[in-house]
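One-letter residues, chain by chain:
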There are 2 protein chains.
Amino acid sequence: MRSKKINIKEKFLKFSEHWSPKVIAELNDYQFKLARIKGEFVWHKHDETDEVFIVIEGKMKIELREKMIELKEGEMYVVPKGTDHRPYAEDECKIMLVEPRGVVNTGGSISELTQDNDVWI
Amino acid sequence: MRSKKINIKEKFLKFSEHWSPKVIAELNDYQFKLARIKGEFVWHKHDETDEVFIVIEGKMKIELREKMIELKEGEMYVVPKGTDHRPYAEDECKIMLVEPRGVVNTGGSISELTQDNDVWI
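To start, this report covers the structure provided alongside it. (Residues numbered from 1 in each chain as written. Chains lettered and ligands numbered in written order. Predicted model: local features only at pLDDT ≥ 70, side-chain atom pairs only at ≥ 80, totals over all residues. Heavy atoms only, no water.)

Considerations on the nonpolar core
Counting residues in each nonpolar core, the largest one holds 36 residues, and the members touching the most others are Phe32(A) and Phe32(B). Setting aside residues up to four positions removed in sequence, Phe32(A) forms contacts with Lys22(A), Val23(A), Ile24(A), Ala25(A), Leu27(A), Met96(A), Leu97(A), Val98(A), Val52(B), Ile54(B), Met76(B) and Val98(B). (Core = buried A, V, L, I, M, F, W, Y, C linked by side-chain atoms within 4.5 Å. Buried < 20%, exposed > 50% of the residue type's maximum accessible area, 1.4 Å probe, protein only. Contact = heavy atoms within 4.5 Å.)

As for the relation of the copies chain A and chain B
After a rotation of 180° and a shift along the axis of 0.0 Å, chain A superposes on chain B with an RMSD of 0.0 Å. As the rotation angle and translation indicate, the two copies are arranged about a two-fold axis. Mapped onto chain B, 100% of the interface residues of chain A are again interface residues, and the two copies thus contact each other with one and the same surface. (Least-squares fit on C-alpha atoms with pLDDT ≥ 70 in both.)

Quick word on the pairing of strand E2 (residues 22-27) of chain A
All names here are of chain A. For E2, the buried fraction is high: 6 of the 6 residues fall into the buried class. Examined bridge by bridge, E2 and strand E3 (residues 30-40) share 5 bridges and lie antiparallel to one another. Its bridge partner lying in E3, Glu-26 is registered against Gln-31. What sits between E2 and E3 in their antiparallel hairpin is a turn of 2 residues, with Asn-28 showing a positive phi close to 55°. (Helix = DSSP H or I, 4+ residues; strand = E, 2+ residues; numbered from the N terminus. Pairing = 2+ DSSP bridges.)

Some words on the interface of chain A and chain B
In this complex, chain A contributes 35 residues to the contact, which on the side of chain B involves 35 residues. Overall, the association of chain A and chain B removes approximately 2,800 Å² of surface from exposure, summing both partners, and the carbon and sulfur fraction of that is 58%. Scanning the region where chain A abuts chain B turns up 2 salt bridges. Residues Glu75(B) and Lys5(A) are paired through a salt bridge, measuring 3.5 Å at the closest nitrogen-oxygen approach. Connecting chain A to chain B are 14 residue pairs in polar contact (both at pLDDT 80 or more). Put simply, the parts of the chain that give the side of chain A that touches chain B at least two residues each are strand E1 (6-7), E2, E3, strand E4 (51-57), strand E6 (68-72), strand E7 (75-79) and strand E8 (85-100) of chain A. Residues of the side of chain A that touches chain B, tallied by class, amount to 18 nonpolar, 5 polar and 12 charged. Where E7(A) meets strand E1 (residues 6-7) of chain B, 2 bridges bridge the pair, whose relative direction is antiparallel. When the bridges of E1(B) are listed, Met76(A) appears paired with Ile6(B). (Buried area = accessible area lost by both parts, 1.4 Å probe. Salt bridge = Lys/Arg side-chain N within 4 Å of Asp/Glu carboxyl O. Polar contact = N/O pair within 3.5 Å; in protein donor to acceptor, adjacent residues only side chain to side chain. Nonpolar A, V, L, I, M, F, W, Y, C, P; charged D, E, K, R; others polar.)

None of the figures reported here should be taken as evidence of function without further support.
This is the structure in structure tokens:
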């Protein structure tokens, strides 16, 4: 995978489900993942790592305990490790996540929203 | 820095020089850097790490010993560690790099093109 160029928007055509991150690239032991999100996710945190959100298309919010981060296309945010956060998108939003291999999408909050964390597209 | 949202295109307005990566965010010990590139860079490699190139605006090429990678806006490529590469852009191109903190832009090929590797904007 890593020896091919990757067209981010074309990769989004390969899946349609929400809240189900797909891996598109690896940088050492870090992964670049794409996700379509819509509606409200669960509150969760990642105790071992920061997490990068980059909006590729659309708008989203990241609710933190003390504030709300609003992101539009071309904007990014680093959720510091151990920070409770809840992603939200009123309309479908396409995002790219960057985080270490093995990070679970719901952090320590395992639920029906928890997805296999190493699905490549 | 890490608790603020980052608008990638607005960050590019903060500098104009070529081949001089600027840090905009950190994810654990990894950095997201922006660079304006134009013309031909030097052949170099990073023996300790992969390196991600993402084209934000424009077009670029990454010359490898055995092939040429052509990237346009919205495309990315992972140069595997230890791989000789030479970035090139005919017209100015805006890119985002992702790599561990401390990576030198010219790898092991120190020259007048070598830049301070931890300048934030």
